[in-house]
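Observations on the three-dimensional arrangement
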Amino acid sequence: MSNPTFAAIDVGTTKVCTVVGEVSPEGDLRILGVGIGPSAGLTKGMVDNIQAATEAIASSVERAERASGTRILSAHVGIAGPHVSSSNSRGIVAIPDPRRPISEADVQRALDSARIVNVPTNREVIHVVPRYYVVDGQDSVVDPVGMYGSRLDVETHVVTASASAMQNLVQCVEGAGVRVDSLILEQLAAAEAVIQEEELRHGVALVNIGGGTTDVAVFVNGAITHTAVLPVGGVHMTRDLVVALRVPQPSAEQAKRRFGHAIPSMVDADEVVEIDSFGSDGRREVERRAIAQVIQARAEELFELVHAEIRRGAQAETLAAGVVLTGGAALLPGIDVLAEGVLQLPARIGRPRHLAGLSDILHDPAYATSVGLLRWALKEREVVFRSTALPVGSLGGLMKKVGHLMRLVLPQ
Ligand SMILES: Nc1ncnc2c1ncn2[C@@H]1O[C@H](COP(=O)(O)OP(=O)(O)OP(=O)(O)O)[C@@H](O)[C@H]1O
Ligand SMILES: [Mg+2]
């Protein structure tokens, strides 16, 4: 039997990235193919032109199909945008017979009861992420299955999103001929790709700086405490450069990528670069430090907003591992140094690792979400698998189950 394969689509504001992966019998992820193309029809992470977005998704999917030699029938899809919001909620259930151990079904009932939060009719729950369990008052239980008790509480992180924004995204993906397996919050996916166990345990925040959005996720003691999506990203840095330098957008984007820096004092004061500009000459000389100053102003403001979100999720002393930066704008030289200054926390750039197969291009902070979508989906499948109560060690059975659930990519 060939290994089960599955797909993920990261529909970003600036790019669409489709990844096809397979799971080895050992549970390792191998990348079979990647399809990357420019995005269209999205602003601040949300669809605002169905047709343009559908075409951009279809083109990325087609490239991934060609690269992987598979046909993508369904995929896990990332979601972000300022319409996403989150809160923590507790679910409580009684264990009917305390003489038998707590089962997966009991855990599921507890999660279902946490899900019953006050959600307005125009919003839907996308995740109920368990943070920790409490069994008869015993706090911080990681996995209650098999324990004895008469009452089970679960602390969860509940993420909700605008029903219409979700529907618009699903419409575009389905319009591109791909069924949606699940919608996954982008920063949860990105965290899955780049954050290490050790960092999770000691407290860490993930900051994914994309084109139109910056997504934040805060983890304390191994559990998620807060998520937020800010409507600012790399696109805004480029837009600032257009205005400040009076140059066309493509020229500003190129200048940012080639000469950009987040710390002006780290750029040679005399260095001058030539870029395309508006006006009769068509070319202009600009001080590289001036480019950095524009970028720094926007990035500093962005990190102030991020700081406020991080504080909502954790006290600084509970985040020993600091912050991990992902997203395309994390490629900006000096961005980690700037983040450390504003947030007063250690910062590093997160790149997806431990990937086998055709994955060279994915070792880039911009692809943390795409890779993470596959990883998150895989992890969720394991949860589904456990609930089927197959005997431990029944790997054949596991692969069969996973194979069934990941049925949706066919060889061409
Ligand atoms: N080398 C670089 N230096 C600076 N910025 C860069 C560099 N490479 C990419 N970027 C910026 O990263 C941004 C795109 O990041 P990313 O691909 O993570 O966004 P996205 O997923 O399309 O958007 P979003 O997640 O916000 O919907 C763009 O604004 C781009 O200008
Ligand atoms: Mg993104």
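How each quantity is defined
Residues numbered from 1 in each chain as written. Chains lettered and ligands numbered in written order. Predicted model: local features only at pLDDT ≥ 70, side-chain atom pairs only at ≥ 80, totals over all residues. Heavy atoms only, no water. 1 Å grid on protein atoms, 1.4 Å probe; cavity = no way out; pocket = protein on both sides within 12 Å on 5 of 7 lines; lining within 4 Å. Points joined across faces, edges and corners; volume = space filled by probe spheres on them. Helix = DSSP H or I, 4+ residues; strand = E, 2+ residues; numbered from the N terminus. Nonpolar A, V, L, I, M, F, W, Y, C, P; charged D, E, K, R; others polar. Buried < 20%, exposed > 50% of the residue type's maximum accessible area, 1.4 Å probe, protein only. Pairing = 2+ DSSP bridges. pLDDT = per-residue confidence, 0-100. Contact = heavy atoms within 4.5 Å. Axes fitted to C-alpha atoms, helices over the stretch in contact; angles between N-to-C directions. Arc of directions from axis to C-beta. Near = heavy atom within 4 Å. Polar contact = N/O pair within 3.5 Å; in protein donor to acceptor, adjacent residues only side chain to side chain. Areas by Shrake-Rupley, 256 points an atom, 1.4 Å probe, with all protein chains shown as cover. Sits in = over half its atoms within 2 Å of the grid points. Salt bridge = Lys/Arg side-chain N within 4 Å of Asp/Glu carboxyl O.

**Considering the layout of surface pockets**
Its boundaries defined by the atoms lining it, the second largest pocket holds a volume of some 770 Å³. Around the second largest pocket sit 37 residues that line it, and T14, G211, R257, G328 and A329 are the ones nearest its centre. Looking at the lining of the second largest pocket, the elements that each hand over two or more residues are strand 1 (5-11), helix 6 (234-245), helix 7 (249-259) and helix 10 (368-387). In terms of residues, the lining of the second largest pocket owes the most to one element, helix 6, which gives five residues. A breakdown of the residues in the lining of the second largest pocket according to their chemical character gives 13 nonpolar, 15 polar and nine charged.

**As for the pairing of strand 14 (residues 214-220)**
When you tally the buried positions in strand 14, you get seven out of seven residues, the bulk of the element. Sheet analysis places strand 13 (residues 204-209) next to strand 14, joined by six bridges and oriented antiparallel. Across the sheet, residue A205 finds its bridge partner in strand 14, namely V218. Linking two consecutive strands that pair antiparallel, namely strand 13 and strand 14, is a turn of four residues. From the end of strand 14 to the start of strand 15 (residues 223-230), which pair antiparallel, there are two residues, and N221 there has a positive phi angle of about 50 degrees.

**Observations regarding the pairing of strand 2 (residues 15-23)**
Within strand 2, nine of the nine residues are buried, which leaves it mostly tucked inside the rest of the structure. The side-chain alternation of strand 2 yields two buried faces, one formed by K15, C17, V19, G21 and V23 and the other by V16, T18, V20 and E22. Taken together, the seven bridges between strand 1 and strand 2 define a ladder with antiparallel strand orientation. In the sheet register, F6 faces strand 2, and the bridge partner there is G21. Here strand 1 hands over to strand 2 after three residues, the two strands then running antiparallel side by side. As paired strands, strand 2 and strand 3 (residues 29-38) are joined by nine bridges and run antiparallel to one another. Paired with C17 across the strands is I36, a residue of strand 3.

**Description of empty space enclosed by the protein**
In the structure shown here, the tally under the stated rule is one cavity of 30 Å³ or more. Counted as a void, the largest cavity has a volume near 80 Å³. Taken together, 13 residues make up the lining of the largest cavity; nearest its centre are G45, M46, I79, A80 and L169. Only strand 5 (46-47), strand 7 (74-79) and helix 3 (163-175) provide two or more residues apiece to the lining of the largest cavity. In terms of residue count, helix 3 provides more of the lining of the largest cavity than any other element does, three residues in total.

**Notes on the confidence of the model for the protein**
Close reading of the predicted structure is inappropriate where its pLDDT is low. Looking at the protein as a whole, the pLDDT averages 90, with 92% of positions reaching at least 70. The low-confidence segment residues 382-412 (pLDDT under 50) makes 51 contacts with residues lying over four places distant or belonging to another chain.

**Notes on the sheet that holds strand 19 (residues 347-349)**
What the five strands build is an open sheet, ordered 15-14-13-18-19; its pairing is mixed. The sheet is open, and its two borders are formed by strand 15 and strand 19, each paired with just one other strand. Neighbouring strand axes in the sheet, compared pairwise and without regard to direction, differ in orientation by 20 degrees on average. In this fold helix 9 (residues 335-343) packs onto strand 13, strand 18 (323-326) and strand 19, with an angle of close to 155 degrees to the strand it touches most, strand 19.

**Considerations on helix 9**
For helix 9, the complete set of buried residues consists of I335, L338, A339, V342 and L343. All buried residues of helix 9 lie within an arc of 110 degrees about the axis, which places them on one face of the element. On its buried face, helix 9 sits against strand 13, helix 8 (288-313), strand 18 and strand 19. Of the residues one or two after helix 9, Q344 is the one with positive phi, at around 55 degrees.

**Overview of the site of ligand 1**
Lining the immediate surroundings of ligand 1 are 19 residues, of which T13, T14, K15, E253 and K256 lie closest. In the model, an oxygen atom of ligand 1 is placed 2.8 Å from a nitrogen or oxygen of the G328 main chain. Within the complex, the protein chains bury 92% of what would otherwise be the 650 Å² of accessible surface of ligand 1. Of all the cavities here, the one that holds ligand 1 is the second largest pocket. Sort the elements by how many residues they give to the shell around ligand 1 and helix 7 lands first, with three residues. Broken down by class, the residue content of the shell around ligand 1 amounts to four nonpolar, 10 polar and five charged.

**Regarding the pattern of salt bridges**
This model, assessed by the stated rule, comprises 22 salt bridges. A salt bridge links R66 to E62; the shortest N-O distance between them is 3.2 Å. With a gap of four residues between them, R66 and E62 both fall in helix 1 (residues 50-68), about one helical turn apart. On the basis of relative accessible area, R66 is assigned to the exposed category, the value being 60%. Here R288 and E271 are joined by a salt bridge, their closest N and O atoms 3.3 Å apart. Pair noted here: R288 is in helix 8 and E271 is in the loop between helix 7 and strand 16 (272-276), with a separation of 17 residues, a long-range link. The network of salt bridges with shared partners includes R90, R131, R151, D153 and E155.

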